[in-house]
Each structure stands twice: as C-alpha cells, then as structure tokens.
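These are the residues of each chain, in order.
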Amino acid sequence: MNVNEKRSAAGNAGRLSALGPAAAAAAGAAALSAARSGADGASSVGETVPDTASPSAAGMPERRSDGAYAFLDEAREIEFYRRDLPTPWMNYLSNGTFHMMLSHAGGGVAFYKSPQIWRITRYRFFHLPTDRSGPYLYIQETDRGSGSDAGSAADLNRASAEYWCPTNEPSFTRPDAWKSAHGMGYTRFEAAKGGISARTVYFVGPEENSLIWNLNLTNDGPEEKTLNVYAYAEFGMMEFMRELQWQCYNKHQVSVTHAEGGVLLYRYGVENQPKPEETPLVYFAADVPLTGYDGDRDAFIGSYRSESNPLAIERGGCTNSTLLGGDPCGALQMTVTLAPGETKEINVFLGTAPDEAEALLAVERSRQKDFAARSFAGLRENWDDYLGAWNCELPDPEAQRMLNVWNPYQAQRNFLFSRNISFYATGTFRGVGFRDTAQDVLAVVPHDIEAAKDKLRLLLGQQYADGHVNHYFFPHEGWDPVTSVHSDDHLWTALAVWDLIAESGDASFLAEQIPYYDGGEGSVYEHLRRAIDFTEDHLGANGFPLMLRSDWNDQLFRVCREGRGESIWTAMQFGTALLKMIDLAPMAGGGEDAERYRKLYDDQQKRVNEAGWDGKWFRRAVMDDGRFLGTDEHDQAKLWLNAQTWSVLSGMADGEKGRIAMDSVRDMLDTELGIKKLHPPIVDFPSAEDPLTNYNPGTGENGAVFCHANTWAIIAECMLGRGDLAYKYYRQLIPSVAMDKAGIERYRAEPYVYASNLFGPDSDKFGLANVSWLTGTAAWMYVAATQHILGVRASLEGLRIDPCIPPEWEGYTVSRRFRGALYEIEVRNESGEGRVVKEVFVGGERLEGNQLPIYAPGETVRVEVVL
Ligand code: GLC
C-alpha cells in the first residue's frame, strides 16, 4: 500500500457543482473564475482558491520567471501561464497501478503498472513536435464547425480556426485565455474562447484504474450554444520496444471495437507478449451519450495531418470507425447544448480492466453521478494524510514550500517509479534500480511506514544468499534482472532498515523471513548481515572494498574493468552501514556481530585516513593499475565530491581532515548553482584512447552539478556544525531559486522538482537542468533538510532535535508525526549560533538533553527548543 492505493471514506466531501453561476463576463480571465465554483459555493473537482487569472484578485501569488508560473502554496499547486515553456513541465497522476505522466500543456503518456509492457498511450520521446501526444479535448461550435472539405492549405487554416483545446496544445487555434496547474496527483487546465470557458481536471482516483478527465463547460455569452466536444487519445502498442521493432505486423493483432453503451475497447493481443494473462483491456468512455467515435487513427486524424488539425473535427464529426488491425486511437464525440450562463460537466474515462465484462462494469461504476467528485476527494484525502506527517514554518518560504509539498511529493514519485520513465527517461529498460530505490525509501519512511516496509521486502527479495543483489530488476515485466555486481548496491538497505526501525520503534521487522533470489530464505537481519559479509569477502589489495562494476558513480567501471580497482568511497559507505549494523545487531540477537562490525569499521577507517588521504582531500579510488584516482598528482579528476562528504557522513575522517576536505569542496567544487561532482573535468584521463568518461566536460557524470551528490555536502556541513554553508548548499539548488539565478531559458526544467543534474561551468550551458523528477536528489534533499538542517530526526530512542540552521535565522516551527503522536516543535535560535540545543521544554517542563520522550498515539505534544 502507498499513498495512491489507500481508499478513502469517500462519498461525503467535495461535491461536484452541477450548475455554474449565471456568468456575466463574456470571455477571458473573468470567465475562468466563473467556471470555478458552483452556484451554491460547493467545491468542485480540483478547485483552487485564489484567482490568479484576474489581475485584480486579492492575494494573487507572485508570478515568476517573466510571468511563466506562480506557486499557490495553500492549494499545494503550481500554476502555469505559458504554453511554450522551455520543456514540458511534468506531473505524475497515479493510484499506484494506473499512471499518467502529464505536462503543463497536456502532453504525456498513460501506462498500467509498467511503461515497458503496458504503455497505453503513445508519447513521442525527444521527437518534434515536442510533447506529443496526449489526452486531448477539442471544443468546437457546431454552427461553425462543419462543411469544410479540407482540400487546400487555405481550407485547412480556415477550418482549424474553428476548434480549440483546453490544454492549449495541440490545436492551431489558441484559447483567448488559458492557464494550467499541477497539484498533488492532478493537473488542471482552464481556458476560454468565444464566450465558452472550459475547466478540465485530469487525475487518477483511488477507486478505478483510469485517468478521469473532468470537464466543466460554461457558456459565458448571451446566446444558447451547441458544442461538439471531442476526447482523443492515441493508443500505444503496450510493449514499447516491440512496437519500435515490429509494429508493421504487430499492428495487425490489435483492435478497437465499439461496445453497447458508447464504450470503445482497445485490445492488444500480440503473440509472445510476456504476460498475456495480465495484459489488460483498455476502455475509453464518457458519462454522457456519444454522437460519434473513432478507433482508427487514420480516420480521425487523416493523412499528412497531426493532432493539431484532425480531419474528423474539421469535417464536424467522427466517422464511427473501428479497427481490426492498424494504428489505434480512441476518439469520442459528444454534443452539448448550453443555455446562457449554464455549466455542464462531462467526465471521460481512459482505463484498464482484465476483460470486457469487467471493463463495462468499470464504466458503469464510473458513470455514477458522484464518481468523479468522490474519486477526487479520495485522492485529496490520501495526500492530506501522507503530507500530514510533516509541516514546517521557516524564515525561507522557498525552502518551506519544498519541504511541505513538492519535495516529499517528488520523493514519493521516485519511490513509485524508480528511474523508469520521465520526459528524459523513455521507460524502456530500467525497472527498479536496487541502489536507487533503497535510497528512495529513506524519504517515504516518515510518511508511510507500511509502504516503506513493502518496498524493502521487494528489494531484499533481490538479494542472493552470498549477500550481493541484482542491480536492477523488473517486478512487473517478469524479465530477467540486470545482474552486474556493484560495490555499493547491497549496502544501502542497512540504512533504510535502520530508519524504518527508528521511525516505527518496532524491531520485529528484523526477524521477518524473506527469500533469497537464488533460493532459501533468511531474516531481514540475516540479509543485512550477508550484505556486510559480501563486502568483507571482496576487499582489494589495499584493503578497500573492490569496486566491482562500479560504486555510486556509474562511470567508474572504466578504470576498474580488470577487477583490481578499489573504491575508497565505498569504504566510507561500508563504514556508514557498519555503524547502523552495530545498532541493529543486538536487537536481532546478533550482539556478537556488533564487535566484529566495530573492528571492520576501525580497520576501514584507518585505511581511509592513511592510504585514502591526499593531503587536502580524500582520494576517490584505486584504479586497476594500482594508481590512486582523485589525487593532486593528476591534472584531471583530482577532487571528487563523494569521497569528501562521506568521510564526514561515515564519521571516518580523523581530526581536522573532514573539515579540510569540505573546505576543498567549498574552494574547488562549489559554484553559485551547486557543487560539481569532480574537478577538473576529464578529457583524456587516464589516457586519450580510453578516458574514464566520454561525457563532455561539465555535463552528466563529468563535472556537472550532480544534485544527488550535493545533498551529502549539506549533511556533512551540518555534521561539521557549519550551518551557513549547509544552508548555502541547500538553498542554491532549490529549483525555483536556481531557475531565478540561471534564468528560465537556461535552466529549462521544472522549478518545483529537483533535476538530477545541472550542466557545470565547464560546459557551454552552465545552469541547464536536466533529467528532472526521477533522481535520488529528492529523497536525500528531504533527509538533508528535515533531519540535518532542521534537525528533526528519528532515532532508535525516539525523536531527536539537533538543528544546524543559518545563524541569522531567529527560529522556525515543525509539526512532525512520529510513532502516532504529533509533535508541535518550536525552535528559537537565542544564541544566534543556529546550533546546539541548550534547553528543551515539553508542555512547559524542562527536559535534559535533546531527545524527546515517546508519547501515546493520538497525543499532540508542544515542544519548545532553545538553541
Ligand atoms: C544516476 C543513477 C544512479 C547513480 C548516479 C551516479 O543517477 O540512477 O544509480 O548512482 O547516476 O552515477
């Protein structure tokens, strides 16, 4: 179970508005707000509070980046005012089973469980035009819409001027007024043209596996109007790679049929599909009668046309085509008559079901009068519950917004999708990455312990009896996993399990039995123990863990192909895992292990501080040829970020070494837009014939600002007690802050979620953010800010308060759900140092230390902390 799958006690909240107000305004901005609330003031699907379309509205949020967008914090939304943003700014709509990635302009892709084998709609990744196709609606006035035979180019243009899309894209004709918004699990479009306003909310509700398109149409003019409304989606052929390879014959094996009651059914039955028994049927239907439909893309779009000018719409109606082989689509035509001032609601459902009977039942359920409102209320309730685990008020509103809304939201999407599919990742070959998902768990633990546990069960089931793990795997597709062995993968779970136990206060999970991938089973603790054993059994000539295929830095395999290379960073990660295991061992009855773990830790620590120390920083690795990587002796890749940050995180850096190493980071790697991953970038190191990486200098793995790795610098600075630096590193990568600095046309990616990396100063596009949404940055930024800067951290003994904030902050508040109780924490920085807890008062009583007692579930506790 996760946030998406929980059902709500639905049915009571969020009634849909049946009728709109008698709208006075003719068109444009005023019409947008008119369509928004029902005559009785009842809230409708996806309604937002402040009216940002009207310039005179009170409480109007600040428009940023040349008016491109604004945050609506109370509604947990971001609104967009520009159709042609530099890239599609995405959202993920999901109930945990049915998913839709949808852009601010309506482009995107729907899939059932897996975008590899059950990709329902087609999205043309990296092809022009950008951001096609999507779940589009078209609005057409009937008295102007028919008649064109679409012969000449002039005809085309004339005809296309007669219909428009609430998503703005893809019709050539644009609405007069338009905006869109992403919220928690939904995306909304508000548009108006020619006296008609349309408000569409797309979301996936908890009750059915479907994308719900909730459309409200309002006639703002003085005369009755009859409209054709078309809903359109291009169907993909489920198995994406097979589609690319052999659609010429596979397309003969798909069909779109029309079932009684106005339901289109798309059936994919290609031979050899990996899971025929689970391959769903797709249904496409609405809750109003159809005046036409199309299942054949050629019939609806026409030749040498696109979604911008579908032939059927220009001709004023669908052709009622079905498809027994060909290029499938779903198009529904509905006809709506609106009296002046009248609002009507239409709901469209693009969903999946195991078979035809189930599909028809799902449509029947979806056509119930309050289905959309109930589904939306359920979605909202789930997110309220999930995000209710944490709320803070900070002197920095940008940080506050990230920590209360967008960062936990993004982290949850990473947890759900690993690094599988985004605007940048095509969802073709990466299932669940072991390393990636084990880190994603860290940010879900405080919000949903059960979901975190389930994910850990899934991960630990990918572990072999000797302790190593599959690098990535395919729980939905049933494909063989990718089995390359990396020095770090198996060690991440110790961190996640420790967090889970600290959060829950329940160590029984350690005893749970979980199978090994290659047979047999063992307890969770035994899995973790074998992970440690595996590393202990794979140490190199210098006593550091062998690099194997790579460590966290994927590119390192190029200097360790012969199997002799060692990772000094993994020694630090190993040390961090060992510290967790020293805590966990006694809880699992493995007290004697703790002693061995301590010895291993001490031994690694010694090596890190001796052979691993370069004078001003820690070295990164030992290459196959026995030379060190990450030393001042070389002219390239002298200094690597991870080896510095983790020397502190692991507690391994002796004496002043941690501070000196982090000073080198500040002096040599930090920029105004984040910390570079390494310096100087690699061109021909270790040799021109076989360089460590082919990335251009300043990009990707070669000296870009790799945001994920920046998070560890924040934690390291907090551990060193340098709150000003920690905060600098944190704030400069807040996406909206970085966008302000770089400029929207340079930064390009979303200002509400982290990107994986920003091109560095050595590239020609310093500040270009890319590979957004699915990145370990989300989980670790959340950990860094909530647990280390704000210092509210679960420990095995309870909740601990250990802030390291910028010295100039006067204070902040946090409300944190922990073991069922709600802690309302107020921190006052009376010393002006931003750290070191002096006094703690609970309910007015003074406590010793900075460890808060455990309270009964349901209790609310007021805590005052003085620094
Ligand atoms: C990508 C990978 C991650 C890896 C990182 C650094 O983000 O998903 O597994 O650790 O790159 O190479």
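Residues numbered from 1 in each chain as written. Predicted model: local features only at pLDDT ≥ 70, side-chain atom pairs only at ≥ 80, totals over all residues. Heavy atoms only, no water.

In the nomenclature of an unreviewed UniProt entry, the chain is known as TRAM domain-containing protein of Saccharibacillus alkalitolerans.

Draft legend 1. Fine view of the site of the ligand. Around the ligand, the neighbouring residues are Arg430, Arg435, Asp436, Trp552, Asn553, Asp554, Lys677, Glu701 and Phe706. At 2.9 Å, a side-chain N or O of arginine 430 approaches an oxygen atom of the ligand. A distance of 3.0 Å is found between an oxygen atom of the ligand and a side-chain nitrogen or oxygen belonging to arginine 435. If the ligand stood free it would expose 310 Å²; the protein chains cover 90% of that surface. Grouping the amino acids of the shell around the ligand by side-chain chemistry returns two nonpolar, one polar and six charged. (Near = heavy atom within 4 Å. Polar contact = N/O pair within 3.5 Å; in protein donor to acceptor, adjacent residues only side chain to side chain. Areas by Shrake-Rupley, 256 points an atom, 1.4 Å probe, with all protein chains shown as cover. Nonpolar A, V, L, I, M, F, W, Y, C, P; charged D, E, K, R; others polar.)

Draft legend 2. Main features of the UniProt feature "domain: TRAM" (unreviewed entry) in the chain. Per the UniProt record, "domain: TRAM" (unreviewed entry) is annotated on residues 816–867. From the first C-alpha to the last, residues 816–867 spans 19 Å; its make-up is 0% helix and 52% strand. (UniProt positions renumbered as here; feature names shortened; annotations may be inferred. Helix = DSSP H or I, 4+ residues; strand = E, 2+ residues; numbered from the N terminus.)

Draft legend 3. Focus on the sheet that holds strand 36 (residues 792–795). Read from one edge of the open sheet, three strands run 36-37-42, paired in antiparallel fashion. The open sheet terminates on both sides in strands that have one partner only, identified here as strand 36 and strand 42 (851–852). In the sheet, strand 37 (residues 798–801) pairs with strand 42 via two bridges, with the strands oriented antiparallel. Bridge pairing in strand 42 places arginine 800 opposite glutamine 851. (Pairing = 2+ DSSP bridges.)

Draft legend 4. The pattern of salt bridges, seen in detail. Counted according to the given criterion, the structure contains 75 salt bridges. For aspartate 176, the salt bridge is made with lysine 193, and the minimal N-O distance between the two is 3.2 Å. Here the residue aspartate 176 occupies a position in the loop between strand 8 (163–164) and strand 9 (177–183), and lysine 193 occupies one in strand 10 (residues 186–193), the gap between them amounting to 17 residues. A salt bridge links aspartate 370 to arginine 374, with the shortest nitrogen-to-oxygen separation between them at 3.0 Å. Accessibility expressed as a relative area gives 15% for arginine 374, which makes it buried. One salt-bridge network, held together by shared partners, links Arg83, Arg122, Arg124, Arg132, Glu169, Arg174, Glu234, Glu243, Lys251, Arg297, Glu307 and Asp327. (Salt bridge = Lys/Arg side-chain N within 4 Å of Asp/Glu carboxyl O. Buried < 20%, exposed > 50% of the residue type's maximum accessible area, 1.4 Å probe, protein only.)

Draft legend 5. Main features of the packing of aromatic side chains. Summed over all chains, the structure comprises 48 aromatic pairs. Look at phenylalanine 474 and tryptophan 479: their rings are 5.2 Å apart centre to centre, the planes differ by 55°, and that puts the pair in the tilted class. For phenylalanine 474, a relative accessible area of 8% corresponds to the buried category. Centroid distance tryptophan 646 to tryptophan 712: 5.2 Å. Interplanar angle 80°. Geometry classified as edge-to-face. Of this pair, tryptophan 646 sits in helix 16 (residues 641–649) while tryptophan 712 is found in helix 18 (residues 707–719), placing the two residues 66 residues apart along the sequence. Each member of the pair, tryptophan 646 together with tryptophan 712, is buried. In this structure, arginine 549 packs its charged tip against the face of phenylalanine 557, placed 4.3 Å from the ring centre. Positioned above the aromatic ring of phenylalanine 706 is the side chain of lysine 677, whose terminal nitrogen or guanidinium carbon lies 3.5 Å from the ring centre. (Phe/Tyr/Trp six-rings, centres within 6.5 Å; stacked < 30°, edge-to-face > 60°. Lys NZ or Arg CZ within 6 Å of the ring centre and 35° of its normal.)

Draft legend 6. Just the environment of glycine 262, in detail. Take glycine 262: it is sitting in the loop between strand 14 (254–259) and strand 15 (263–268). Along the chain, glycine 262 and glycine 292 lie 30 residues apart, while their C-alpha atoms are 8.7 Å from each other. If we skip the residues at most four places from it in the chain, glycine 262 touches Phe284, Ala285, Leu290 and Arg367. (Contact = heavy atoms within 4.5 Å.)

Draft legend 7. Layout of the side chain of threonine 535. Mapped onto the elements, threonine 535 comes out in helix 13 (residues 524–536). Exposure remark for threonine 535: the relative accessible area of 3% places this residue in the buried category. Filtering out sequence-adjacent residues up to four positions away, threonine 535 remains in contact with Ser487, His490, Leu491, Pro545 and Phe574.

Draft legend 8. Here's a closer look at the sheet that holds strand 33 (residues 705–706). The sheet built from three strands is open, its strands ordered 33-34-35 with antiparallel pairing. Only two strands of the sheet have a single partner each, and these edge strands are strand 33 and strand 35 (769–772). Inspection of the sheet shows strand 34 (residues 755–758) paired to strand 35 by three bridges, in the antiparallel sense. Bridge assignment links leucine 758 to a residue of strand 35, and that residue is alanine 769.

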